[in-house]
Amino acid sequence: MGEVIRQITVTTMPQIDCLLCRHADSDAELERIEVWQDAHWRLTVSLSAEVAGFAYLEPKRHISHIHALDGEEASTFGLALAKCSKALKDATQAEVIYSYIFGDGVPHLHVHLAPHRAGDALSDQMIRGEIVEEKQPNGITRFYSAAFPALPRDMLVRTADDVRKILRRG
Ligand SMILES: [Zn+2]
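Enquirer: How do you make sense of the sheet that holds strand β2 (residues 41-46) when you look at a structure like this?
Expert: Sheet strands line up and pair through hydrogen bonds in the backbone, either parallel or antiparallel. Strand order in the open sheet formed by five strands is β1-β2-β3-β5-β4, with antiparallel pairing between adjacent strands. Looking at strand neighbours, the two that pair on one side only are β1 (32-37) and β4 (96-100), the edges of this open sheet. Neighbour-to-neighbour, the strand axes of the sheet open up by a mean angle of 25 degrees, direction not taken into account. Relative to β2, β1 is paired through five bridges, and the arrangement is antiparallel. Each bridged residue has a counterpart across the sheet, and for Glu 34 the counterpart in β2 is Thr 44. Each of β1, β2, β3 (55-59), β4 and β5 (111-116) is contacted by helix α2 (residues 71-92), which is oriented at about 25 degrees to β5, the strand it contacts most.

Enquirer: Just checking my understanding: could you explain α2 for this structure?
Expert: Turn by turn, an α-helix covers 3.6 residues, leaving residues three or four places apart pointing in a common direction. With 22 residues, α2 ought to run about 32 Å at 1.5 Å a step, and its terminal C-alpha atoms sit 32 Å apart, in line with that. The largest bend along α2 reaches roughly 50 degrees and is located at Phe 77. Of all the positions in α2, only Ala 80, Cys 84, Ser 85 and Leu 88 are classed as buried. Residues of α2 that are buried sit in contact with β1, β2, β3, β4 and β5. At the exit of α2 stands Gln 93, carrying a positive phi of roughly 55 degrees.

Rules used in this analysis
- Residues numbered from 1 in each chain as written.
- Predicted model: local features only at pLDDT ≥ 70, side-chain atom pairs only at ≥ 80, totals over all residues.
- Pairing = 2+ DSSP bridges.
- Helix = DSSP H or I, 4+ residues; strand = E, 2+ residues; numbered from the N terminus.
- Axes fitted to C-alpha atoms, helices over the stretch in contact; angles between N-to-C directions.
- Contact = placed C-beta atoms within 7 Å.
- Expected span 1.5 Å × (residues − 1).
- Bend = angle between axes of the 7 residues up to and from the residue.
- Buried ≥ 20, exposed ≤ 12 C-beta atoms within 10 Å, placed from the backbone.

As C-alpha cells, this is what we get:
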C-alpha cells in the first residue's frame, strides 16, 4: 500500500511583522526617541536628520495608511497633530511645520513632522522634475513640473466630481 499523505492546509491570518508596531525596536533602528504618547498616538524625534526636531507621529495600533484611519485614532488625529506640531514649532522656533504622509514605504501610518525655515534642507516640492514658476494675472505664482504638465482639465473635473459623490454617500 502506498502511503497516503494528506496535505493539511492551515489557514491563518497573515502575520503582520511591522517594525513600527514594535515601538522600542523601531526607535532603536530608526534612531529616534519617544518624546510623547497618549492612549492612541506616539511622537518620536529623529536623532539622524537634516533639520532639528524632525519627528514622526504615528498610531500605537497598527493602521496601515491614512485611508485606513478609523476608530478612536480617527477622532483624535487632529488633536494629536495640532499638539505635536505646536510643540515642535515652539521647541525649534521654526517658521512652519511641514507635514508629510506618504504610505508607499513603511505600511504603518506615520506623519513626518518637519520644522522648516527658509533655506534649510527641506523641499516643498510635491512633483518631480524641473519646476517652472509662472506668474498669473491675478498675482499668484503657479508652480508646475516641466516634465509633468497638468492633466486635461475635464479629467480633473471628473475626478473632483467622483470624490464629491463618494463623500455625499457618507
Ligand atoms: Zn504596524
